[in-house]
Amino acid sequence: NHDYYQEQGVLTSNQYYNAFFNNPANGIEEYRNSSYYFIANDTLFIMLDTVSNNFGSSQIAWFEDVIASNPTSFIIVSMHYSVYGAHHSQTASQIRDVWGPVFEANHVDIVISGHDHVYTRTQAIYEGEPSADDNLGTIYLTGGSAGHKLYSVSTEFQDQFEWFMPVLQSIIHIVTIDDNTITFTAINLLGDVVDSFVIHAKDRTLLTSMPLLNEVEPLNVWYE
């Protein structure tokens, strides 16, 4: 969202982002280049533009069609705002209402976000609760812990996370994808492993999509 054009406090256009990046031209027409997808290592990567009004809810139909048309072993989604934000709780709550049911209904494996300037991850969440079924659920990872501006995790939100980083530090992830698993390893500037977890491939022959919201009420709220 920091690449959006801001006019009188309202983020109005992705023109700055599009001037610097040349992504696959297969996203929703109104957010072409800032929404797109590609496939690598039998993994479907979908990039959403959630800075747009109502957190990009107009992309839901496109999102579902991309998943239905591109069967893969894994689905990874990336967007700026965190679905389970450890710092910006108001933003997280509202984007969770819009996108949470969509991700879980379509069996997304992991959603990777920034915005909160921390590192946290949830358990696999299904229908808004930790999943008791290894074949169901979406992990929500906030990976924005790097650079000069780091946020702490409020104690109010710690119960949401399977893992959070109590010590403020910059990290990067090493991600390995093979036929049956995705392995995430987070390391700090010293090369120490601070977190590691594995996502196992779902049996997608057993999965069906739940009914989704046909229409999401406009929020008309913008966040920087």
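Conventions we followed
Residues numbered from 1 in each chain as written. Predicted model: local features only at pLDDT ≥ 70, side-chain atom pairs only at ≥ 80, totals over all residues. Heavy atoms only, no water. Buried < 20%, exposed > 50% of the residue type's maximum accessible area, 1.4 Å probe, protein only. Helix = DSSP H or I, 4+ residues; strand = E, 2+ residues; numbered from the N terminus. Pairing = 2+ DSSP bridges. Salt bridge = Lys/Arg side-chain N within 4 Å of Asp/Glu carboxyl O. Axes fitted to C-alpha atoms, helices over the stretch in contact; angles between N-to-C directions. Core = buried A, V, L, I, M, F, W, Y, C linked by side-chain atoms within 4.5 Å. Contact = heavy atoms within 4.5 Å. Polar contact = N/O pair within 3.5 Å; in protein donor to acceptor, adjacent residues only side chain to side chain.

Enquirer: Help me understand the pairing of strand E4 (residues 43–47) in this model?
Expert: For a regular strand, the rule is simple: side chains alternate between the two faces of the sheet. Most of E4 is tucked away, with five of its five residues classed as buried. Sheet topology places strand E3 (residues 36–40) next to E4; five bridges connect them, and they run antiparallel. By the bridge assignment, Ala40 is partnered in E4 with Thr43. Here E4 runs beside strand E5 (residues 74–78); their pairing, made up of five bridges, is parallel. Bridge pairing in E5 links Thr43 to Phe74.

Enquirer: Hey, could you run me through the pattern of salt bridges in this one?
Expert: Opposite charge on two side chains makes pairing possible when the charged atoms of those side chains draw close. In total, this model carries two salt bridges according to the counting rule given. Two residues, Lys202 and Asp109, come together in a salt bridge whose shortest N-O distance is 2.8 Å. Note that Lys202 is positioned in the segment after strand E14 (193–200) and Asp109 in the loop between helix H4 (89–105) and strand E6 (110–113), a separation of 93 residues in sequence. By relative accessible area, which is 10% here, Lys202 ends up buried.

Enquirer: Could you clarify how one ought to interpret the sheet that holds E14 in this entry?
Expert: As a general point, the strands of a sheet are linked pairwise by backbone hydrogen bonds and lie either parallel or antiparallel. One open sheet accounts for three strands, arranged E12-E13-E14; its pairing is antiparallel. Edge strands, defined here as strands with exactly one partner in the open sheet, are strand E12 (171–177) and E14. Each neighbouring strand pair of the sheet contributes to a mean axis angle of 15 degrees, computed without reference to strand direction. In this sheet, E14 lies alongside strand E13 (residues 181–188) in antiparallel orientation, the contact comprising seven bridges. Bridged to Thr183 within E14 is Val198.

Enquirer: Before we go on, may I ask you to explain the nonpolar core in this structure?
Expert: Across soluble globular proteins, you tend to see nonpolar side chains buried next to one another. Ile46, Leu48, Phe63, Val77, Trp99 and Phe103 are the most contacted members of the largest nonpolar core, which totals 29 residues. Among the secondary structure elements, those contributing two or more residues to this core are E4, helix H3 (60–69), E5 and H4. Once residues lying within four places of it in the same chain are set aside, the contact partners of Trp99 are Leu48, Thr50, Phe55, Gly56, Ser57, Gln59, Ile60 and Phe63.

Enquirer: How do you make sense of the environment of Asn23 when you look at a structure like this?
Expert: Locating Asn23 in the fold gives a position in the loop between helix H1 (15–20) and E3. Using a relative accessible area of 17% as the deciding quantity, one classes Asn23 as buried. Among residues more than four places away in sequence, those in contact with Asn23 are Tyr17, Asn33 and Tyr36. Polar side-chain contacts of Asn23 include one of 3.0 Å to the side chain of Tyr17.

Enquirer: Before we go on, may I ask you to explain unusual backbone geometry in this structure?
Expert: Most peptide bonds are trans, and most residues other than glycine sit at a negative phi. Backbone geometry at Asn33 places phi at a positive 90 degrees, although glycine is not the residue there. Here Asn33 lies in the loop between H1 and E3. The exposure class assigned to Asn33 is buried, which follows from its relative accessible area of 10%. Even without glycine at this site, Glu127 takes up a positive phi of about 55 degrees. Among the residues examined, Glu127 registers a relative accessible area of 55% and is labelled exposed.

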